[in-house]
Amino acid sequence: MGDAAGRSSTAKERWKILGNALRGKKSAASSDVSVRRFADFNLFSKSPFPNDDSTSAEDDGHTWVEYCWTCGESAALRIRHLTESVTAKDMIGFNNTGNVCVWPSEEILAHYLLTVRDVFRGKSVCELGGGMTCLAGLALSASVPLGKLLLTDGNQRSADNIACVLAANHDRMRTQSYSSRCLLWSRSCAYENLCQQFDFLVCADCFFFTEFHIDLIHVVKTLLKPDGKAIFFAPQRSGTLSRFTELAKEEFNVSVASEYNDIVQAQRQQAVKCSDSGYTEDLHYPLLVELTFKATAQ
Ligand SMILES: C[S@@+](CC[C@H](N)C(=O)[O-])C[C@H]1O[C@@H](n2cnc3c(N)ncnc32)[C@H](O)[C@@H]1O
């Protein structure tokens, strides 16, 4: 199937699942309420995990999954996934597209951060638009002691789930100072307490919302320390990544890389070869985008 035809059938499939979800019907893919066909790059092994408070992995519209990795050292996290149907309130109004599963970009961001984890030792890190799990920020903090960790998403339901996940992984955090909150990107917000607080901002798959590009750039400008760095992973998604980077170039040094990790590269080649994986480079292959402030004239 060509790229355009592939995208169109994927889009139809998504709308069908979303339509069913809003009508309260179960879709074939609703076991993890996934609205994508390509699953992931296989960078983490996942298995159902009973929550401490119950004997089953099911928990009131959620399921607990243990994510394990062997990148550097073996470690694991308990992640709470949504299993119940999404509601109109979850999906409409505030553009919350995609906030129902962990996307390949989030797993790649997590994997990448783990491979370069020593860079973050003792540093302050904030994850933006972390979806239901903030997997990347959590995995980093489970692997290296950070100076401070803040996990965020602009959707309250996600922020609640992130708080729950954080509490469940309390004993696995190597960072003393960590928290989560609902953080909406808005150019009219001064983010007083967070101003210039972070050495690193990390973010996965958040360029899709072109109407929020200016707001996201405002958040980066406000939260990042003058010598800090913002690390994004996102697929091109019909040129939305390029639109973001063009805008960001007005204020930042911007670098974009497509080959940043040998293991990811090998998985990418595997996905391209496997014709029935549903893999589409434009939708699924995340590029690495880094922003640093331009030097100010003396
Ligand atoms: C495609 S999801 C990606 C989630 C996660 N990073 C992942 O890759 O699995 C995009 C996320 O951005 C968040 N988001 C969208 N617009 C936002 C805004 N204006 N402010 C804050 N978060 C926003 C959504 O709530 C959603 O969780």
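Residues numbered from 1 in each chain as written. Predicted model: local features only at pLDDT ≥ 70, side-chain atom pairs only at ≥ 80, totals over all residues. Heavy atoms only, no water.

J.: Lay out the pattern of salt bridges in plain terms, naming residues and giving numbers.
T.: All chains considered together, the criterion is met by 12 salt bridges. Linking E107 and K46 is a salt bridge whose minimum nitrogen-to-oxygen distance equals 3.1 Å. Of this pair, E107 sits in helix α3 (residues 104-115) while K46 sits in strand β1 (residues 45-48), and the two are 61 residues apart along the sequence. E107 gets classed as buried once you look at its relative accessible area, which sits at 2%. With its nearest N and O atoms 2.8 Å apart, the salt bridge here joins R121 to D118. (Salt bridge = Lys/Arg side-chain N within 4 Å of Asp/Glu carboxyl O. Helix = DSSP H or I, 4+ residues; strand = E, 2+ residues; numbered from the N terminus. Buried < 20%, exposed > 50% of the residue type's maximum accessible area, 1.4 Å probe, protein only.)

J.: How would you summarise the nonpolar core if you had to cite specific residues and measurements?
T.: Within the largest apolar cluster, 74 residues are counted, with the highest numbers of intra-cluster contacts made by L128, L223 and F232. The residues touching L223, leaving out its near neighbours within four places in the chain, are C126, L128, L183, Y191, L194, Q196, Q197, F198 and L201. (Core = buried A, V, L, I, M, F, W, Y, C linked by side-chain atoms within 4.5 Å. Contact = heavy atoms within 4.5 Å.)

J.: With reference to specific residues and values, describe the pairing of strand β8 (residues 198-204).
T.: The element β8 is largely enclosed, with a buried count of seven among its seven residues. Note that β8 and strand β9 (residues 224-234) share six bridges and pair parallel. Looking at the pairing, L201 lines up with A230 of β9. Chirality of the crossover, the property in question, places the unit of β8, helix α6 (residues 213-223) and β9 among those that are right-handed. (Pairing = 2+ DSSP bridges. Right-handed = clockwise from strand over helix to strand, strands pointing away.)

J.: Describe the sheet that holds strand β7 (residues 178-182), with residues and values.
T.: Read from one edge to the other, the open sheet built from seven strands follows the order β7-β6-β5-β8-β9-β11-β10, with strand pairing classed as mixed. Looking at which strands have only one partner, the edges of the open sheet turn out to be β7 and β10 (252-257). Direction aside, neighbouring strands of the sheet carry axes that sit 15° apart on average. Bridging between strand β6 (residues 148-153) and β7 involves five bridges; their strand directions are parallel. Residue pairing for β7: L150 is matched across the bridge by S179. (Axes fitted to C-alpha atoms, helices over the stretch in contact; angles between N-to-C directions.)

J.: Tell me about α3, and name the residues and values.
T.: Look at α3: 16 Å from first C-alpha to last across 12 residues, which is about the 16 Å you get at 1.5 Å a residue. Burial analysis of α3 places 11 of its 12 residues in the buried class, the great majority of the element. All buried positions along α3 are accounted for by P104, S105, E106, E107, I108, L109, A110, H111, Y112, L113 and L114. (Expected span 1.5 Å × (residues − 1).)

J.: Help me get a handle on α6, residues and values and all.
T.: Structural remark: α-helix, 3.6 residues per turn; residues separated by three or four positions point the same way. Counting buried positions along α6 yields nine of 11 residues, so the element is predominantly enclosed. Three or more residues of α6 are buried, namely H213, D215, L216, I217, H218, V219, V220, T222 and L223. Residues of α6 that are buried make contact with β5 (124-128), β8, β9, α7 (240-248), β10 and β11 (287-293).

Any functional reading would require information beyond the geometric quantities listed.
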